[in-house]
Each structure stands twice: as C-alpha cells, then as structure tokens.
Number of protein chains: 2
Amino acid sequence: MKIGFLQFAPVLGDLRATMHRIDSLLQENMEGCDLLVLPELCNSGYNFQSYEQAWETSEPIEDSIFVRYLINKCRERNLHVVSGFNERDRDTLYNSAILVGPHGLIGTYRKLHLFLNEKDFFRPGNQGVPVFDIGSCIIGMLICFDWTFPEAWRIAALKGADIICHPSNLVLPGLAQRGVPIHALLNRLYIVTANRIGAERDLSFTGSSIIANPRGDLLCQASPIKAEVGIAEIDIGLARDKQITDRNDLFKDRRPEEYSLLTEPNPFGRGSGRTGHGK
Amino acid sequence: MKIGFLQFAPVLGDLRATMHRIDSLLQENMEGCDLLVLPELCNSGYNFQSYEQAWETSEPIEDSIFVRYLINKCRERNLHVVSGFNERDRDTLYNSAILVGPHGLIGTYRKLHLFLNEKDFFRPGNQGVPVFDIGSCIIGMLICFDWTFPEAWRIAALKGADIICHPSNLVLPGLAQRGVPIHALLNRLYIVTANRIGAERDLSFTGSSIIANPRGDLLCQASPIKAEVGIAEIDIGLARDKQITDRNDLFKDRRPEEYSLLTEPNPFGRGSGRTGHGK
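Quick caveat, the model's predicted, so the values are computed rather than measured. Once a new chain begins, its residue numbering starts again from 1 and follows that chain's sequence as written. The naming scheme follows written order: chains are lettered A onward, ligands numbered 1 onward. Local features in this predicted model are restricted to residues of pLDDT 70 or higher, and side-chain atom pairs are both shown and tallied only at a pLDDT of 80 or more, whereas totals for entire chains, interfaces and linings draw on every residue. No hydrogens and no water enter the side-chain calculation; it runs on all heavy atoms of the structure.

Asker: Explain the nonpolar core to me, using residue names and the numbers behind them.
Answerer: Buried Ala, Val, Leu, Ile, Met, Phe, Trp, Tyr and Cys residues form a nonpolar core when they are joined through side-chain atoms within 4.5 Å. The buried label goes to any residue with under 20% of its type's maximum accessible area, the exposed label to any with over 50%, and the partly exposed label to all in between, with areas taken from a 1.4 Å probe on protein chains only. Ile163 of chain A together with Ile163 of chain B are the most contacted members of the largest nonpolar core, which has 134 residues in total. Excluding anything up to four places from it in sequence, Ile163 of chain B contacts Met1, Ile3, Leu35, Cys137, Ile138, Ile139, Gly140, Tyr190, Val192, Ile234 and Ile236 of chain B. Two residues qualify as a contact provided that any one of their heavy atoms is within 4.5 Å of a heavy atom in the partner residue.

This is how it looks when you write it as structure tokens:
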C-alpha cells in the first residue's frame, strides 16, 4: 500500500484556484498511491481577515463543491483522500477533516484543539477522535495543533488506527516534525503530516510535510517551501504488530487502572522524616 | 535551581562497590546541585541470573543500607536524590525509585511497565504515578521503559510535576533520548534521564543520560560510555507556565470529555455513499 501527501498552498477565498493547484500536482506520477492527505482548511485557506470571510469560504459537507471534486478524483484514480475542510454545519463552523473514497464521503473529524485565532472562527470539535475502516486499513484523523496532545494520538491508536492523517497549516518550523515521529513510535502506527507552504498576510507556513513509520523513522520529508507530492510504500502489518519485544505488548502492557489523577492516600507511610506529600 | 544526574555502572550484587563509585563521582564539582538522579536498580544491579540473586540484592526501604547512605549524602550536601532501588516489601520485589532529602525518605514510585525479564523478578507497580512537593519544586518519578507510555508522563504533569526524574538502565541506543525531550515538550516540564553505562552478562547499557527542558531542548547530554556527572541550571517558572501562546494553555485546552474510547454512534450520518464505519 502507498500513502502520500500533497504539499501546496491553498488559495485563501478562491476554491477554484485551489482545485486548479491540486489538479496540477495530481499530474505528477502518483506511483499507485492509495491514500493521499491534503493540508488543513484546504477548501478555504487559513488566515481569515474576519468572521465573514471564514463563513463565506466554508461549505456544508453535503453540498460542497470541494467534496464532490475530491470524490471525483478518488473515482478517477481509485484513491482515498483526507483533506482539511472549513465545515459549515447550520450556523456553526468547524475546522474539520474529511475522508472520501471512490464511493463518496466516508467520515469526518472536527479539530479538538484550536490554535490562537482559530478560536474566533470555529467551534472546537465535538465528535471525539473517530476512526474509519476503509478495508485496506483503519484511518484516524487529527489536525495541525492537535499534535501537541498525546491523548488524541493514543485514543486513535487504541481504537485501531493504522494510519493517522494529519492535515496541517503549521507555522512553527520543525517542532511538529520532531514530535510527530515520536507519536508514531509510541503508538506504532503511520502518520502523514500534510503541511502547507506559502504565506497569508502575516503568517508563513513551514512545509516540510512528513510520513513517519511505526518505528519513528521518516519515510519521506518535503521541502519547507516547494509544492510537492510525497509518497511512501507502507506495511500495514507493522502498524498492527504491537508486540515490541518477546514479552512486551505496547497496549497490553498499559496500566489504565494506575493512570489515575485522583488524590489517594500514599501507601508509603512507613518512613520517618517524610517531609513531602504524595499528591 | 540546579539538577543533575550521576551516570555510572552500579555493581551487580556488590552494594559496597556501588557506593564507592558514587562517592568517587560526588568528589567532582557539583556546582551547588539541588537534585541528583541516579540510575535504575542502583542498589542491586540489573541483569539477575536468578530470582535468588534479585531477592538477595533487594532491600526493604525502612531497613536499607543504601537509603541511609543516600540520606547521609543529602544531609552533607543539602541535596535531594532520586535513585532506582530494588525494593523488597515483605515477600514481593518492586523495581522502584526512591526520593530522599536531608531529612530522610520523601517518597517512592514503583515501575508500572516492566521490560522483558523484569517480569520474572518484579511485581508491576501498584502506587500509580505519585508526585512529591519538596518545597522548591514538585517531583515525579518514572523508570526506564515507562518512557514508552505517554499516559505516565501526562499523569505526572497533570498532578503538577515540574521535574520528572527518570532512573534508567536503557539498552537500546538513542530511542529514549529522542522520545524523552518530546515528553518534556508536550508536558512543559523538565526531565532528567539518568542512564547507566557498562555491561552485565549479555546486556550493554547505553549511557547518554540527558536533561531536557520544557521546550524540548537538551540542556545536557552525557557520553554513551563514560562515568559522568551532568548538571544544568533550570527555571521552575518555565515548567509552571503552561500558557504556550496568548490564547493556548496546554492543560486548559485539553478536551478530556472528547478523549473517549467508547464506541458511540457517529453523529455524521448525513452523507450518501458512506462506506466505512466510525468506531
């Protein structure tokens, strides 16, 4: 199975121009890619000047030019796509990701952890961290700043995700690119971080999209500034094998009964001269 | 405040020789160090030939030559020490860490996640992930392979740990040294990984002890093979500041109500051609 990303610059407020850029990149040799990840907020752009601009560039999923466009691309190329999506749900906007395939829309995720001014435009996600079985693999989705929250990766992994697709509009150079492979390692799964490039007003995006494997190695890393397709061959079996030594299973060795935040009496009450206190 | 590690090789089954090695390292200029972390299973050594050897090299905390020795060192130098400790509690052994200060024993932690053959000797920890307030800071403890479990770091952080002391006997080169700074970054706290060097039978230990800061940077890294003291100046205020942008607080932005493993009906039920299923 081959998975990849499109790293490019969606055009703020010009969906037609954005789709044209995707078209151009899809002309490249896709080498039989089965799953392709696009950046965050791909149908709208990111750095809105106003709520009105965020609203005008949003789309309802069930009546979206961009969703129909992506489904057509999936049909033509027998492909699945995960893309960031400015989602309008009645009177509310979500910073979402959509998963589509040759037969249509498969699932959505709504960003749980909003970054800076995103809080002015979007309501935080309210669908948890769902995963979706597309037959060849199980897919989870997280978006950009979500990467800072280890809980999100773990939940997706424990629900069975083999690949986490991570549409991003990262502005800090290098941090997520250091952290994401560690999330891949700690959860033994593949991660595709599809970052964007270019600038919008005062924000510059840092590219350097990556594909990390369950050993925490990079299979692919894009340039910080160029529009680029990145593709890697993966082995889903590696993501499903949580047996990390002969006697250690990454998930069975977890101790959820000991991961309590409750303040409990510390069973260690024997020593004399005990000056601190357990919390 | 200054924190550090002693990287050296405890001597399997010879506590006197181990204490002699610690004495030698303590002759070095400690530069006013306030907290010192020693490797895992420091009073016994690691690679036991038999359960009998694990048992014979264990000590009850309340009647331990090694604990008394460390408390004396803390008194002499006005220091706190965290050390790995082969703990005997009635008929049970734990792979533990102890925290001692000038006034005596302050707390213990029992390793939650046992690695490979440790499962033959030790019972897994049963005290959760406690943290201890020593006045100048709040200290959590994790041991070696625990590093692979993001839950453990997060629990300690959410309980208020400023510094996590991480006595280790790591055998894989480099992996924990990549992961630990990311745990420091994701939880915005300091971590001291005190690894050992040397070999015991078929096992070689990989040294390269580190001190990581809340930005995920290394303040100090030891050699892979030499006995060494590493010390770094730290700023507890940096660990207590979880405000990572003007509008993002690392802990307040968490969404525990959305971190559910439960299978729930996916609220996304509108689209046609939905082929996968939410889990």
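Asker: With reference to specific residues and values, describe unusual backbone geometry.
Answerer: The phi dihedral of Leu116 of chain A falls on the positive side, at around 40°, and the residue is not glycine. Only DSSP runs of H or I covering at least 4 residues are called helices, and only runs of E covering at least 2 are called strands; the numbering of each starts at the N terminus. Counting through the fold element by element, Leu116 of chain A comes out in the loop between strand S5 (104–110) and helix H4 (118–121). One non-glycine residue, Arg188 of chain B, lies in positive phi territory at about 50°. As for its position among the elements, Arg188 of chain B is in the loop between helix H6 (175–187) and strand S9 (190–194). Judged by relative accessible area, which is 18%, Arg188 of chain B ranks as buried.

Asker: Before we move on, could you go through the pattern of salt bridges and cite the residues and values that matter?
Answerer: Side-chain pairing between opposite charges can occur once the charged atoms of the two side chains come close. Residue and element names in this part refer to chain A. A carboxyl oxygen of Asp or Glu within 4 Å of a side-chain nitrogen of Lys or Arg is what we treat as a salt bridge. On inspection of all chains with the given rule, the structure shows 32 salt bridges over all chains. The residue Asp162 makes a salt bridge to Arg240 at a minimum N-O spacing of 2.6 Å. On the criterion of sequence distance, the pair formed by Asp162 in the loop between helix H5 (150–158) and strand S8 (163–167) and Arg240 in helix H7 (residues 236–240) is long-range, its members being 78 residues apart. Given the relative accessible area of 2%, Asp162 is considered buried.

Asker: Describe helix H1 (residues 15–26) of chain A, naming the residues involved and giving the relevant values.
Answerer: Residue and element names in this part refer to chain A. What a helix is expected to span follows from its residue count: subtract one and scale by 1.5 Å. Here H1 spans 16 Å end to end across twelve residues, near enough to the 16 Å set by a 1.5 Å rise per residue. Within the span of H1, buried status applies to Leu15, Thr18, Met19, Ile22, Leu25 and Leu26. An end-on view of H1 places all buried positions within 115° of arc, on one side of the element. Structural note: H1 exposes Arg16 and His20 on the side pointing more than 90 degrees away from its buried face. To be clear, the arc concerns the directions from the helix axis to the C-beta atoms.

Asker: Can you explain the confidence of the model for chain A? Please cite residues and give values.
Answerer: Predicted coordinates in areas of low pLDDT are best not read in detail. All names here are of chain A. Per residue, pLDDT measures the predictor's confidence, with a range of 0 to 100. With 94% of its residues at a pLDDT of at least 70, chain A reaches an overall mean of 93. Note on residues 263–279: pLDDT is under 50 here. Beyond four places in sequence and across chains, it has 38 contacts. Scored as a whole, the predicted complex attains pTM 0.94, and scored at its interfaces, ipTM 0.93.

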